[in-house]
Each structure stands twice: as C-alpha cells, then as structure tokens.
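Overview (structure and organization)
What follows is each chain in one-letter form.
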Protein chains: 2
Amino acid sequence: MFSWRIGGSISRSVYRRTLTMATTGRKYRVVNNPTVYVGTFIHSPRDDARRLDICEAGAIGVNPDGVIEFVERNVDALDAVLDKHPAFKNADVVRTQPGGTQFFFPGFIDTHIHAPQYPNAGVFGSTTLLDWLNKYTFPTEASFSSLAVARANYSRCVARTLANGTTTAAYYATIHVPATNLLADICSAAGQRAFVGRMCMDHRGLNPDYYRDETADESVANTCLCIDHIKSIDPAYELVSPIITPRFAPSCTEELLTKLGNLARETNLPVQTHIDENHGEIQLVRELFPDHGSYAELYHACGLLMPKMILGHAIHLTDREMELIRDSGSKIAHCPVSNSALTSGGAKVRWLLDCGITVGLGTDVSGGFSVSMLETVRSTALVSRHVAMTDGEAAKLSVEESLYLGTRGGAKVVGLEDKIGGFEVGMEWDAQLIGLEMVQKEDVGEEKVEFAAEEVLDAVAFDSCRGAGPVDVFGWESWEDRVAKWVYNGDDRNTLAVWVKGQKVWSR
Amino acid sequence: MFSWRIGGSISRSVYRRTLTMATTGRKYRVVNNPTVYVGTFIHSPRDDARRLDICEAGAIGVNPDGVIEFVERNVDALDAVLDKHPAFKNADVVRTQPGGTQFFFPGFIDTHIHAPQYPNAGVFGSTTLLDWLNKYTFPTEASFSSLAVARANYSRCVARTLANGTTTAAYYATIHVPATNLLADICSAAGQRAFVGRMCMDHRGLNPDYYRDETADESVANTCLCIDHIKSIDPAYELVSPIITPRFAPSCTEELLTKLGNLARETNLPVQTHIDENHGEIQLVRELFPDHGSYAELYHACGLLMPKMILGHAIHLTDREMELIRDSGSKIAHCPVSNSALTSGGAKVRWLLDCGITVGLGTDVSGGFSVSMLETVRSTALVSRHVAMTDGEAAKLSVEESLYLGTRGGAKVVGLEDKIGGFEVGMEWDAQLIGLEMVQKEDVGEEKVEFAAEEVLDAVAFDSCRGAGPVDVFGWESWEDRVAKWVYNGDDRNTLAVWVKGQKVWSR
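Now for a description of the structure that goes with this document.

Criteria and thresholds
- Residues numbered from 1 in each chain as written.
- Chains lettered and ligands numbered in written order.
- Predicted model: local features only at pLDDT ≥ 70, side-chain atom pairs only at ≥ 80, totals over all residues.
- Heavy atoms only, no water.
- Salt bridge = Lys/Arg side-chain N within 4 Å of Asp/Glu carboxyl O.
- Buried < 20%, exposed > 50% of the residue type's maximum accessible area, 1.4 Å probe, protein only.
- Helix = DSSP H or I, 4+ residues; strand = E, 2+ residues; numbered from the N terminus.
- Pairing = 2+ DSSP bridges.
- Right-handed = clockwise from strand over helix to strand, strands pointing away.
- Expected span 1.5 Å × (residues − 1).
- Polar contact = N/O pair within 3.5 Å; in protein donor to acceptor, adjacent residues only side chain to side chain.
- Contact = heavy atoms within 4.5 Å.
- Axes fitted to C-alpha atoms, helices over the stretch in contact; angles between N-to-C directions.
- 1 Å grid on protein atoms, 1.4 Å probe; cavity = no way out; pocket = protein on both sides within 12 Å on 5 of 7 lines; lining within 4 Å.
- Points joined across faces, edges and corners; volume = space filled by probe spheres on them.
- Nonpolar A, V, L, I, M, F, W, Y, C, P; charged D, E, K, R; others polar.

Quick look at the pattern of salt bridges
Evaluation of the coordinates by the stated rule reveals 69 salt bridges over all chains. E477 of chain A serves as the salt-bridge partner of K485 of chain A, at 2.7 Å between the closest nitrogen and oxygen. One exposure class covers both K485 of chain A and E477 of chain A, and it is buried. Residues participating in the shared-partner salt-bridge network are D491, D492, R493 and R508 of chain A together with D491, D492, R493 and R508 of chain B.

Looking at the pairing of strand β16 (residues 431-435) of chain B
Residues and elements named next belong to chain B. Along β16, five of the five residues are buried, which leaves the element largely enclosed by surrounding structure. Burial of the side chains of β16 extends over both faces: A431, L433 and G435 are buried on one face and Q432 and I434 on the other. Pairing between strand β5 (residues 102-106) and β16: five bridges, direction antiparallel. Paired with F104 across the two strands is L433, which belongs to β16. As paired elements, β16 and strand β19 (residues 495-500) share four bridges and run antiparallel to each other. Among the inter-strand pairings, L433 is bridged to a residue of β19, identified as A497.

So, the pairing of strand β13 (residues 309-313) of chain B
Residues and elements named next belong to chain B. Counting buried residues in β13 gives five out of five residues, a clear majority hidden from the surface. Pairing between strand β12 (residues 271-275) and β13: five bridges, direction parallel. Counterpart to T273 in the pairing with β13 is L311. As defined by bridge partners, β13 adjoins strand β14 (residues 331-334) across three bridges and the pair is classed as parallel. Note on β14: the bridge partner recorded for G312 is A333. Traced from β13 through helix α10 (residues 319-328) to β14, the parallel crossover comes out right-handed.

Let's talk about helix α13 (residues 373-391) of chain A
All names here are of chain A. When the terminal C-alpha atoms of α13 are compared, their 26 Å separation across 19 residues agrees well with the 27 Å that a helix rising 1.5 Å per residue should span. Where burial is concerned, most of α13 is hidden: 16 out of the 19 residues are buried. Taking the backbone nitrogen of L374 as reference, a side-chain oxygen 3.2 Å away marks S372 as the first, capping residue of α13. Among the residues trailing α13, G392 stands out with phi positive, at a value near 105 degrees.

As for the side chain of T140 of chain B
Residues and elements named next belong to chain B. With respect to the secondary-structure elements, T140 resides in helix α3 (residues 129-142). Residue T140 is classed as buried on the basis of its relative accessible area, which comes to 15%. Within the structure, the side chain of T140 is placed 2.9 Å from the backbone oxygen of Y136, a separation counted as a polar contact. In this structure T140 touches P116 and N120, once residues within four positions along its chain are discounted.

Remarks on the sheet that holds strand β13 (residues 309-313) of chain A
Residues and elements named next belong to chain A. A sheet is described by the order of its strands in space; here four strands give the open sequence β12-β13-β14-β15, paired in parallel fashion. Bordering the open sheet on either side are β12 (271-275) and β15 (359-361), each of which pairs with just one other strand. Adjacent strand axes in the sheet meet at a mean angle of 30 degrees when their direction is disregarded. Here helix α14 (residues 399-413) sits on the sheet and contacts β13, β14 (331-334) and β15; the angle it forms with β15, its principal contact strand, is near 115 degrees.

Describing the sheet that holds strand β6 (residues 108-114) of chain B
Backbone-to-backbone hydrogen bonds join strands into a sheet, with any given pair of strands oriented parallel or antiparallel. Residue and element names in this part refer to chain B. Reading across the sheet, the four strands line up as β6-β7-β8-β10 and stay open at both edges, with parallel pairing between neighbours. Edge positions in the sheet fall to β6 and β10 (240-242), since each has one partner strand and no second. Strand-to-strand twist in this sheet, taken as the mean axis angle between neighbours without regard to direction, amounts to 15 degrees. Taken strand by strand, helix α4 (residues 147-163) contacts β6 and β7 (166-172), and its axis lies near 140 degrees from that of β7. Taken strand by strand, helix α13 (residues 373-391) contacts β6 and β7, and its axis lies near 95 degrees from that of β6.

Some points on empty space enclosed by the protein
Counted by the stated rule, this structure contains seven cavities of 30 Å³ or more. Along the walls of the largest cavity sit 40 residues, with G490 and D491 of chain A together with G490, D491 and R493 of chain B positioned nearest its centre. Contributing elements (two or more residues each) for the lining of the largest cavity: α13 and α16 (479-489) of chain A together with α13 and α16 (479-489) of chain B. Partitioned by chemical class, the residues of the lining of the largest cavity number 14 nonpolar, 10 polar and 16 charged. Taken together, 18 residues form the lining of the second largest cavity, with S379 and L382 of chain A together with S340, S379 and L382 of chain B sitting closest to its centre. Only α11 (336-341) and α13 of chain A together with α11 (336-341) and α13 of chain B provide two or more residues apiece to the lining of the second largest cavity.

Observations concerning the layout of surface pockets
Taken as a whole, the largest pocket encloses approximately 830 Å³ of empty space. If you go around the largest pocket, you meet 35 residues; those closest to its centre are H386, M389 and T390 of chain A together with H386 and T390 of chain B. Mapped onto the lining of the largest pocket, the elements with two or more residues apiece are α8 (279-288) and α13 of chain A together with α8 (279-288) and α13 of chain B. Per-element tally for the lining of the largest pocket: the top contributor is α13 of chain A, with six residues.

Here it is as structure tokens:
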C-alpha cells in the first residue's frame, strides 16, 4: 500500500479522522450465474459516433465475472447459440419483450457528478457559478460532516442515478474522509461502478472558513486516507476506484495543485477538476494566479494535465488552452444541463471533437438539476443547437452522437473504453433494459364516417396512458425513431432494469 | 348561426365532407357537486410575475358550475369556513396531504400545440422548419383523412396533455373537417378546455399536392363547417371554441389570409398562426409576398393582427414588426422546446414583455418534442439563459416568471384571463393537484462514526426510489424551493389530479 504520508506530517485532526473511517472489511466480489441476454440490443459502434449499431435478434453471453463471452447476431434459435457455447448450457436467459418496444442499451457513464449536492437538485435560482457556490453548495457540502446526513443522502443519490441507468459515475464528494469513504462503501454495496473523489480545497480566500482544508498537506493526507479505504474494500479497483479531486483552481493553492499532481503520478490514479466554466471564475483565476497565462496553463504548470485528467465544463477555452489539453491527452466532461442552468455558456463540443479531444457527458448535479444522463444526452443535442444558432449548422450533435458521448465517450474519459460503453466480447456487461409503450387502440373495424356521441373517445388509447411510461410508440417507427423518442421523451420509467459487471443492480 | 357560405360557392368535395361530420347531438354540460379544496395552494398573482402567491392553509369553494365562490386564507378550522359559506355545508372536500409535499396549482394553458403531430413527438432528426414540414409533418397530418387514425391519435394526445396538467389547449388540427370536428368532440368528452382550429392552407407552391385546400373559398367554407359543428356541441363555447387557423404565410395565398381575417371579424372568433420562426421561412415570405415589407406587415395588410390573434414563435421580429404586433394587441405564443429542437433561434421574451406584448407558452408539439407544459416552463427558463449569454443577464426568466407565462400569461393570450390561470373568486376551477416525494430515511439514532458493512446503505432511502415520482424533497426546502424542484425535475407523475371547470378530468 502506498503511503498516505505523502506531502508531510499528519495533523491531529487528520489522525482523528482515521478513527472515523466509515467501515472496513467488506471486499467487493460478485459472482453471477452465467446469463444470456436475448433480443434486441443497440449500442454505438466503437469508432463511429454518427450511427447506432442495431441488432434486432441478438444473443449476448455474460460469464460469472460479468464479462461478455460472446455476441451473436441474427439469432433464429437460442438452442443453436447454446450448442455453440456449451458453458452457457444452463445459463439464465433474459429476453427483451417481442414487439419492438424493448432493447438492451449500454449503461450511461456520468463523468462529472457531485453526489453531496443531490439534495439541492433544482434549487439554484438565478445564480451563476460563484454566488451559487456560496449560497447553495458550500453549506450543503459542509453538512456531510455528519455521517448520518451522508448515509441517507448518498444512498438516495446512488439509487436515483442507478434508476436512471447510470452504471458508472465519477463522483465529487466532500472534504470529509468518513463521508467520502461511506460513499465508496455505498457504491460498492449497491453495485454501482464509481470513481470517488474526496474534495480538495485549501485556499483561504474563496472557500468559506467553515468548509475547507486547513493546509495543502492535510488535504493530501486526507485524500490518501480515502485512497487507502477504497483499496481496502476493492483492492483491484474492480468496481470502485479513488479519483484525485482538486475542486477547481480558485479553491486551491498552487502548492495543493502541485502536490495533487505529484500524487496522481505516484499513484497512477485518475484526477478530476473543473476548468473554464464561467467568465467570472476565469477572471478570478487570472487574479489569483497572475504568473500563469491561463487556467489550463496553471493546471499544466502544476502537472495536472495528463491522460487520466477529467476536466469538467471547458466552455470558454482559448486556442492555446485547447492545444494544451489536447497535447496532454486530458479528457473533457461536457455538462450541458448545468451550463444552461447556471448561464455558464454553450460549450463548443463539435470543435473539441474536431480538435481530437475526447469528450464524455456529465450531469454535474447540482449545477445540473437532473441526475438523469438521458436528460444530459437530450440536453447535449439541444445545447448544440443553440451553439449552432451562432456558430453554424456543423455544431449540431445528433441523437446518435449524443448517445455516443454518454456511453463510448464517457468510457474513454474515465479510461475504461476496453471494459464498458458497448457490447463486445471481452467487455463487461454494464447495461440497461429499455422499454417503451406501444399505444393500444380500440378496434373500430372498417373506416367510419361518423361516431355516436359516446364513441368519440378511444377509451383504450385514452386510459392506457394512466401509469404508463412517457414514450409512446405507434408501430410505424424505425428503431432509430424509437431511440430518438426515448432520448427526447424518456425518463427513469423507461429503464426497466440495470446491470453492472453482470450483476443486476436495479429493477423497477 | 352565421353562414358557412362566406367566401363563395361550396365545391363538391366540401359538400361530401359535410356528410362525414364526426358526430352531432352531444352538448357540453357538466354539473358537479359543490366542492371545497382545502390545504396549500400556489398561483401567480394576477399582475406580478416575479413572485408566487403561496397560501399554506387555504380553502377554495367551487360551485356546481365550476366557478370559484370563495377563497379563504389562514384557515384553522374548516367548520368556520363552511359556516361562513352555507351553500357549501354538504360540499365534497378535497384536501392536500399534510407535510408540505402537495399543493393545488392552476392548470397549464398550452397556447400552441399541433394535436395531429403528437405521434411524431421526438422524431425530427437534424431538420429545420421547412424540411421538417415536408419530411415529417405533412405526411402525418395527411393521414388524418382517416377518422379511425384521428380518433386513436387525438384520444391519446388529449389524454397525454391532461395527464401533464394542460387544462386548456389551443390546438391546430388538420385540413380535414371530420377529423377536426372529432378533435372538438374528444376534448368535450374528455373535459379539456380547448380551442380547435381546422388548418387552412391553400398555396400551391409550398404545400404538397396530397395535402392542401384546393382554393381559398374551400378553405374558408370548410373552416365554417367546423365552426358550425363546435357551435352545435357547445353553443356558448363554454369548454370548446373554434379558432381560425391559417397555417402560416408560406402555406396560404393572400386571398385566403384576407378572407380568414374577414371571417375573424365577422365571427369575433380567435385566430392563430405562426410568425418569424426561422430565417429560411422569413426569406420565403419575402419572396412569396414581395409587396409587403415583412411577415407582420403581410398579416397586418390581411387584417389578421388583432387582439384575438395568437402568433406562434415570433423569434426574429424586427422593431417594426414588434410595434405592429404591440399596437394591434396581438398575442405571442412562446415555444422554447420547439425553438431549440428545430434550431429556430432563441426568442427574446424579456424584450417582448418589456415592449408591452402579452406572451404565453406553447409546447408546439411536434416541433416541440414534449406535450408537457411543465417541460415548456422549464425550457422557458433555460432558453432565456441562453438568450442571456448573448444579450445580458436581464434576459433571464425566473421559475416564477416562467410559471406565470404558463398560466396567467397563457390565459391572457387565449382571452380567458378573467376565467382561468389563477385562483380568484369568479374564476373557474381549472387546477392540478401536485405531489412531491418526501425522502424517507432509516433512523440511525445518535450520530455514528462507523457503520458495519451491511449497514452502509440506507435501505429505506435507497428502495423508496422505486416507483416514486421524480422530485425529492428532504424537508428543509422553502415552498419556493419545492416549486423550483418541481419545475426542474417534475413530470406527469407529480400531477396527481386535474380539474377543468370544476370537473375532475384526470387522476393517476
């Protein structure tokens, strides 16, 4: 185990915190029955964001470790498939309902979400980033000094994200070691793949006195305590991994940023932070760090730009910053719901992609008001249209491209593109079963030219809305149309079941 | 009854259509038990969009005709209220659940929705207005020549809008008289307040041969058939009213626009159409009508700008057009979901309001992908933030202002501001009961510093998500926070019941 003594001596308060580590002893290990998933599956091809790969009659075999052992297409008879793969002779079988309303889809990958802010979802008024932090965010996060508060709120957040098909989340937690460890425990217990980052923020200027790290060394040491804890519950980081998390430049001293860059290199762990979200924030960075030409140059100087870095937002990048990010292999978490809500700006995602930068999507709860990655996919398409209104048609992202960013793109952002984000042999079964409503109608027989007064309403079509999911399919739609209907009108009611690494972790 | 012979002789095809009128004989008349609605109600003050009027302990008495007879505040005991209003001694009582998760709110007023396009909701690809019409919209609308198609689709559309709390809708139908009459019948049968407009479109250039009016006279005559039908089922237009509906300038000859302007004046009926939605459309209007300086000047010359005119979109108005609209007293239906989806532009709603123009909201299904007025309210706030990104902070619309536009604003747009949109004595009870989720938690007793492995997850908080509505309340939120949570994360699951004119027309 690497040392948590990196960065200097351990203060008394840190030591006390080691005694309040949330739990110990549970090691992540799940063994499932081998399972064959039969029916329609849809995912993005690995290297083509412009179209969906739609397999109407497929069979996917998932072994006890949650790894996909085969993907068969054009399946007429399941028996023939099982003959070909004898290890699955006695496998469980999970089928999509026939009739064209159900399909398997990869689980969503939320590359940027603040778990402790979930209680505030939807509460942001007319604020923008910096006043939003002080008014809503810091007080809420500070309350996670209570482990009871953390337990209820984190449990709810993980349930809500799972219910919305988020199989992997890159979480920002709070500064509190016990609560952050508890979040890792909860993800492990609930079976959600997660990156869990203890929030690092030691700057005396921007952060409130009631909620910050005392020193850079304490911040690093406490981060190491969280790393140790996650290592103790999931030694190979199979499901839950630590992630080094400097909040953002205005919350951190240059000393802390540099030490966290060093920690990332020593541990080879991923890193996440924010960049270029808001004009006021960018101006503040310029004032706080006058020796650096830009936000990205500061991070670069601190050794934080690297392939395992996930940068949230990146709305107002200069060309020079884009080049630094691209050349370092850093990734970007695009958070369109948040960027609209906090009036931060419209990120130029097409430009980032054309520049060769890897982009995934993040809900950014609670700058973003919704835990739903489906809403984030929808918002990706819509916000790109607002960008297109000023920058031209090419900026538009299609439904297919937005879904790619929410699955394949996100997998690349968190460095798991060979494990999750699509259905391929050797990858793991992180998936959701999607179900839409086929509209039922009364049979009126031959074409009528008149209805009696009591017949004007089609009572079946009318009443079958009650309790139904939100997406209506009438039967004429192509699979592409059905997916578009899901993206634009769907919600958690359409996510009937969720699996992570082969384990069923949620069902309605 | 005014004549449907306005505008000239009736063609053979029109005559045939009179035989296929959907139904006759049912007259709208509903008598309810007197009812007292007790508990929390929230609405916008009549003339202040910036705040909500929140009454935690209220009682509203609604008489058998659906009219509000009293509004009492600070109610301690219902008996005292009933003593004061003896006509309600034996009234039914409907209460909001205590605990701060339920409230009565005015029903939404959708000032612009294309009912026949509902099956296409979410299917628009990357099109913009003019190619969207040809690719998706005209073919779908043409299929409403079948009354069976119309019956099922319109029934579903009315059910979905009611389920989302839309108590009043200004519907665009199709060119077909029987199907349009059937839509009016369905609204009447389902109890939804509606304006039902037969689509008028006689231009040989833009409209497809398979879907248009043959002549201006036929268009007017068929419109009159629909007016007659609605008059026959609802003589006083108590619930359902006709609305004169030229599709939009590029679909109509100047002859038709002028005749429909005359018809509006003769009948004193409302009118609805589109204006300045898309740059290509505006250019087309310029080419088709070179004698008129602008879109609004064309409508003005045809006598269509008047207080009862509802103009959809109005995104790209010139100053001159704004003045014409304002001076004529015409109203605007803002359709933000559609405007983002079809990349039409961001309407400058703050500017319109500051100019003194009346604005309401419309879903514009299926240019807009959602039948939900709540989503339209949300999108009003979000799109205003995108406008603010270029035009400055003042363009932002708050949650309160967006809700005002969806209720009080819409009521003014459809000319019913003295009947609906708020809870006042003399107005009618068009309302929805909203319910949010209070997050349940395990009781962990005193503050813990450690949890056993099997205790890390709060199973109550986790599992109570299942089947729950989408809006979580934790208990600390003000009513304003709760309303904001509803606006940003709510959906039809939060609309527990819906009343129109005192009649309960939907419940989950």
